[in-house]
Structure formats: structure tokens, C-alpha cells
Amino acid sequence: MKVTVVGAGNVGATCADVLAYREIANEVILVDIKEGVAEGKALDIWQKAPINLYDTRTIGVTNDYNKTAGSDVVVITSGLPRKPGMTRDDLIETNAGIVKSVTEQVIKHSPEAIIVIVSNPLDVMTYQAHITSKLPRTKVIGMAGILDTARYRAFLAEELNVSPKDIQAVLMGGHGDTMVPLPRYTTVAGIPVTELINKDKLDAIIERTKFGGGELVKLMGTSAWYAPGSAAAQMVEAIVRDQKRVFPVCIKLDGEYGINDCYLGVPVVLGKNGVEKVIELDLNEGEKAMLEDSRQHVKEVMSVLERLS
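Bear in mind the structure is a predicted one, so any value in this text is a computation, not a measurement.

Novice: Would you mind going over the side chain of E287 in detail, with residue names and values included?
Specialist: Mapped onto the secondary structure, E287 falls in helix α10 (residues 285-308). Polar side-chain contacts of E287 include one of 2.8 Å to the side chain of R184. Discounting residues that sit within four places of it in the chain, E287 has contacts with V180, L182, R184 and D282.

Novice: Summarise the packing of aromatic side chains; cite the residues concerned and give the values.
Specialist: By the definition in use, this model includes 3 aromatic pairs. On the numbers, 6.3 Å between centres and 80 degrees between planes, the contact of Y21 with Y54 is edge-to-face. On the criterion of sequence distance, the pair formed by Y21 in helix α1 (residues 10-21) and Y54 in the loop between α3 (49-52) and β3 (57-62) is long-range, its members being 33 residues apart. Judged by relative accessible area, Y54 falls into the buried class, the value being 4%. Centroid distance Y127 to Y263: 5.2 Å. Interplanar angle 35 degrees. Geometry classified as tilted. Separated by 136 residues along the polypeptide, Y127 in helix α5 (residues 122-133) and Y263 in strand β13 (residues 260-271) bring together distant segments of the chain. Look at Y263 and you get buried, because its relative accessible area is 2%. A cation over an aromatic ring shows up here: R57 above the ring of W46, its NZ or CZ 4.6 Å from the ring centre. For the cation-ring pair, R208 lies above F155, with the distance from its terminal atom to the ring centre recorded as 4.0 Å.

Novice: Describe the sheet that holds strand β10 (residues 187-188), and please don't skip the residues or the numbers.
Specialist: One open sheet holds the 3 strands; their spatial order is β7-β10-β11, and the pairing between them is antiparallel. The outermost strands of the open sheet, each flanked by one partner alone, are β7 (167-168) and β11 (191-192).

Novice: Which residues make up helix α6 (residues 145-160), and what values do they have?
Specialist: Since the α-helix advances by 3.6 residues per turn, residues separated by three or four positions end up pointing in the same direction. For α6, built from 16 residues, the straight-helix expectation of 22 Å at 1.5 Å per residue is met to within 8% by its first-to-last C-alpha distance of 22 Å. Listed as buried for α6 are G145, I146, L147, D148, T149, R151, Y152, F155, L156, A157 and L160. One or two positions beyond α6, positive phi appears at N161, with a value near 60 degrees.

Novice: Give a description of the pattern of salt bridges that names residues and reports values.
Specialist: Scanning the entire structure with this criterion turns up 17 salt bridges. R208 is the partner of E158 in a salt bridge, and the nearest nitrogen-oxygen pair spans 3.9 Å. Here R208 lies in helix α7 (residues 199-210) and E158 lies in helix α6, a separation of 50 residues in the sequence. Note on R208: relative accessible area 36%, which makes it partly exposed. As a salt-bridge pair, K199 and D203 come within 2.7 Å of each other at their nearest N and O atoms. Placement of both K199 and D203 in helix α7 is noted, with a separation of 4 residues, approximately one turn of the helix. Using a relative accessible area of 32% as the deciding quantity, one classes D203 as partly exposed. One connected set of salt bridges, linked through shared partners, spans R22, E237 and R241.

Novice: Outline the nonpolar core, listing residues and values.
Specialist: Membership of the largest hydrophobic core comes to 84 residues, with the highest contact counts inside it found for L19, I141 and M172. Per element, the largest residue contribution to this core is 8 residues, and it comes from helix α9 (residues 226-240). Here L19 is in contact with V3, V5, I24, A25, V28, T56, A233 and V236, once residues within four sequence places are set aside. Among the nonpolar cores identified, the runner-up in size contains 15 residues, and F155, A157, L171 and L202 belong to it.

The rules behind the values
- Residues numbered from 1 in each chain as written.
- Predicted model: local features only at pLDDT ≥ 70, side-chain atom pairs only at ≥ 80, totals over all residues.
- Heavy atoms only, no water.
- Helix = DSSP H or I, 4+ residues; strand = E, 2+ residues; numbered from the N terminus.
- Polar contact = N/O pair within 3.5 Å; in protein donor to acceptor, adjacent residues only side chain to side chain.
- Contact = heavy atoms within 4.5 Å.
- Phe/Tyr/Trp six-rings, centres within 6.5 Å; stacked < 30°, edge-to-face > 60°.
- Buried < 20%, exposed > 50% of the residue type's maximum accessible area, 1.4 Å probe, protein only.
- Lys NZ or Arg CZ within 6 Å of the ring centre and 35° of its normal.
- Pairing = 2+ DSSP bridges.
- Expected span 1.5 Å × (residues − 1).
- Salt bridge = Lys/Arg side-chain N within 4 Å of Asp/Glu carboxyl O.
- Core = buried A, V, L, I, M, F, W, Y, C linked by side-chain atoms within 4.5 Å.

So this is what it looks like as C-alpha cells:
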């Protein structure tokens, strides 16, 4: 199996490192536009193979997509962070152009690949990659839900003083402060979390989760990379190994939850064909209202891309 990661920044390099360390693919190609960066990071990952005992070969290239040909999965992390003075429209236009260009190269060299988007704004960049690639919606998906649920579960584990391994949770909607947490579907070793924590503390954890990315930016002056990179690698693993894992991922909805033509995070079964099934939960009225609010926010951002196009 062959996996390509486009973008050798912190997130892309972490993703490639996890893929190699866990031997998820035989070969991982790391691509970047900056001369020497992908080559150096890939070489560094390869040189620790004898220490950590893995066989995955990591290769870095500068803008040479010929090396990526025949990839089974491609992870796209390319894009710029929002800079001072940049409007939201500026950011969308810049990153959409980058994602469009990368996707065209990906499809040219790996037309059968499943594409995982990590670039931000996540929902609209998944939209851009989908319309550019012309692949089925099940093969162009965005990584956000796994990261958001990981943050949620980590905060709960800390509060309850239990292992994060025993916490399962579902989040839906857009990536960011309009995400839709579902406490009804959050459990600790099968026990509903609502039986273990009071509502005020749970609400505080949910709010912290919604702004989890911003908390890290305030602390470090830059966005996170260990958790996002690992989350993307987990999606790749589920696809490559046909694990049929149930994860929240961003996908174009075609009637599920009564929503059409919008890219939202929903629980799916992830396997060798990408999204094997979209799982429709029986939401209550409050949850439906939150999902609708998230849908409206994402559609507004999508409309920016449509207008720019």
C-alpha cells in the first residue's frame, strides 16, 4: 500500500510519522513546495526506523507528483494559516486555490485514490476537493470529527480521572464553534456520561471542546499538530486496513438528516472504499436545532467559495 501526504508542515509530518511508525503502508510519500523540507523530514522519519523497529519507507519530494503515482490514499494538509489583516474571504480564496491545484495533481497521478482533507477551513476545503476531483462523495472526506471527539474525550478523562481508552463519543456538524456535541451518545465503558458528571461541568467541557483549537493557539502561538496529524493517520489506517471503523468525518450529505448539498461531520463506517455507510442517528429536537445552526454556518462559508469561483 502507498500513501501520500501533501504538505510537510507540522500536521503533515506528524501524519507521515504516525503512518510509518504504525506500519500502515509500505511506502509514505511526503510532498511540499518548499525545497528540501519534505526530503529532510522524510529522511528523519526513515532514520528512526531502526530505533522504533518499523519497515515503512518514507520518501520526501519537492513538488514532484510523479513520485506519488498509484497512491491508495492521499492526505491533503496544504494551506496557509490566517494572517493579520486577512479576511475570511481572503483565506478561503487562497486555500481553495491551493487545494484545487493539489487535488488536480493527485487525480492526475492517482485517479483511484481516496482523499482525506485536513486543510482549513475544513468543510469548505472538502467541498473544493470534491468538486475538483469529481470523485464520488464517499472518496473525498474531511478530518475534523476524530480530532474534535479526541479533545472532548481527553477533557472528560481528565475530569473523571479515568482512562481515555474507555470513553466513546460522537460529535456532528461543522468543525469549530458550531460543532454539535451529543452527550446522549457519550459513554464511559458503556456508562452514559450524564450519570458520572453534573450538567454544569459537562457543559463547560463541551464549550472547551468547541474552542479547543483556539486554546492551543493562545498557548503556543500556532495551531496544533500532534492530535490533528494522528487523527488523519487514524482515518488512513481504517481505510488501508479495511477496518470498518465508526468515525465522525466530514462528507457531502445527500438527504441524510434531511440535508442536501452540504459538507458536515456525521458518523460513518470507514473502510477500503472510503465511506462505506453514513449512519443516521435519531436526533432529538434540540440536537436537530444545533445541527441546523451548524448547517447554516457551513453553507454560508460554502457560498463564499461559490461566489469567488
